[in-house]
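# Observations on the model geometry
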Amino acid sequence: MDKLILYFQYPFVRYAMIVGVLIAMCSSLLGVTLVLKRFSFIGDGLSHVAFGAMAVAAVLNFTNNMLFILPVTIVCAILLLRTGQNTKIKGDAAVAMISVSALAIGYMLMNIFSTGPNVSGDVCSTLFGSTSILTLTSAQVKVCVILSVLVVILFVFFYHKIFCVTFDESFAKATGMKTDCYNLLIAVITAVIIVLAMNLVGSLLISALIIFPALSAMRIFKSFLSVTICSVVLSVVCAVLGLLLSILAGTPVGSTIVVTDMVAFGIFSVIGKLTGR
């Protein structure tokens, strides 16, 4: 406890906790929808796109790389959604094609135009988020707060539309609902969450924040609303525990949070089986 009190006297630790809670909350909101719509891998694909965009931003020496990474990721989310609807290129193939290409281009650029001697360390930090969460500035925290609030507002405002598109898109389209617009909204919000989450867990582990809380909640609860609420609460709790364990044990932040989510999934699975759910 004394060690935690000592660490929380530093602003960067408080910033990490605030951003961690906000990102965990946002990622779990859409996690249920992405899992039910079989869009789980869109998070993985967009995370690789964000990695490639970050490498380009580093090469071009952008002072605020968020201004470049966010628009590029959003555009790729839209293209991914459109390409996935193409009869010649199915959704899973489109995700694999875009994600692998972006990952390869990003790694190649970071090696060709390396700005420091430790290229492997920079790549590892970007992919697994080992130190970036502890180097946040107040400006980055403010941007994260604004985008997180925007994501929550959009989700709450369009909750019923997202619900309809998630469970029966064909019926929703037949009733006159503009399903393409709401699918586009889901893709854009997912892209925003991916860019925010890169600082917390890195590119390769982002999907865990989206998938694990939703799957854990589904082990016990059945309704869409209850699963979403449980997913949000569980994701925030795991993020806080992961950050605290990382501080105390000196382990990488992103990996610790993901392992915490995995343990929670195991516990919820056992509870679900014991209760017959």
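## Looking at the overall build of the protein
Each helix and strand in the protein was counted, giving 13 helices and zero strands. When the elements of the protein are put in sequence order from the N terminus, they spell out α-α-α-α-α-α-α-α-α-α-α-α-α. Taking all 277 residues of the protein together, the buried fraction comes to 48%. Here the analysis covers contacts within the protein between residues at least 6 apart in sequence; of these, 75% occur between residues at least 24 apart.

## Overview of the packing of aromatic side chains
A full pass over the atoms with the stated rule returns eight aromatic pairs. Judged by centre distance (4.9 Å) and plane angle (85°), the ring pair of Phe157 and Phe158 falls under edge-to-face. Of the residues examined, Phe158 reaches a relative accessible area of 21% and is grouped as partly exposed. Between Tyr159 and Phe224, the aromatic rings sit 5.7 Å apart at their centres with planes inclined by 45°, giving tilted as the arrangement. Placement of the pair is Tyr159 in helix 8 (residues 159-167) and Phe224 in helix 12 (residues 224-249), with a sequence separation of 65 residues. Grouped by ring-pair contacts, the aromatic residues Phe155, Tyr159, Phe163, Phe167 and Phe224 constitute a single cluster.

## Here's the deal with the side chain of Thr228
The topology assignment puts Thr228 in helix 12. By relative accessible area, Thr228 is classed as buried at 4%.

## Here we look at helix 12
Note on helix geometry: an α-helix contains 3.6 residues per turn, so any two residues three or four positions apart are oriented the same way. In this model, helix 12 (26 residues) spans 36 Å end to end at C-alpha, consistent with the 38 Å of a helix rising 1.5 Å per residue. Immediately beyond the C-terminal end of helix 12, within one or two residues, lies Gly250, with a positive phi of roughly 70°.

## Notes on the nonpolar core
With 62 residues, the main nonpolar core has Ile23, Leu46 and Leu196 as its most contacted residues. Counting residues per element, this core draws most heavily on helix 10 (residues 179-201), which supplies 12 residues. Not counting chain neighbours up to four residues away, the residues in contact with Leu46 comprise Thr73, Cys76, Ala77, Leu80, Ala187, Thr190, Ala191 and Ile194.

## A few points about the environment of Val188
In this structure, Val188 sits in helix 10. Relative accessible area serves as the criterion here: at 23%, Val188 is assigned to the partly exposed category. A C-alpha to C-alpha distance of 5.5 Å links Val188 and Ile74, two positions 114 residues apart in sequence.

## Section: a nonpolar patch on the surface
A surface patch of nonpolar side chains, amounting to about 520 Å² of accessible area, comprises Leu225, Ile229, Val233, Val237, Leu241 and Leu245. Position of Leu241 relative to the elements: it lies in helix 12. Residue classification places Leu241 among the partly exposed positions, given a relative accessible area of 43%.

Parameters and conventions
Residue positions are given per chain, counted from 1 along the sequence in the order it is written. Totals for whole chains, interfaces and linings use every residue, but because this is a predicted model, local features are given only for residues with pLDDT of at least 70 and side-chain atom pairs only at 80 or more, for both listing and counting. The side-chain numbers reported here are obtained from all heavy atoms of the structure, hydrogens and water having been left aside. We count a stretch as a helix when DSSP gives it H or I for four or more residues in a row; a strand needs E for two or more, and each element gets its number in order from the N terminus. Exposure classes here rest on a 1.4 Å probe applied to the protein chains alone. A residue is buried below 20% of its type maximum, exposed above 50%, and partly exposed in between. In this description, contact between two residues means that some pair of their heavy atoms is separated by no more than 4.5 Å. Paired rings are identified among Phe, Tyr and Trp, the last through its six-membered ring, by centres lying within 6.5 Å, and are further divided according to the angle between planes into stacked (under 30 degrees), edge-to-face (over 60) and tilted (the rest). To estimate how far a helix should extend, the number of its residues minus one is multiplied by 1.5 Å. Definition used in this section: a nonpolar core is a set of buried Ala, Val, Leu, Ile, Met, Phe, Trp, Tyr and Cys residues joined via side-chain atoms within 4.5 Å. Patches here are clusters of residues that have more than 30% relative accessible area and form no salt bridge, with a 9 Å joining cutoff for like charges and a 5 Å cutoff for nonpolar side chains (Val, Leu, Ile, Met, Phe, Trp, Tyr). Note on areas: these come from Shrake-Rupley sampling with a 1.4 Å probe, and a residue is covered only by the protein chains present in the view. Counted as salt bridges are all cases of a side-chain nitrogen of Lys or Arg within 4 Å of a carboxyl oxygen of Asp or Glu.

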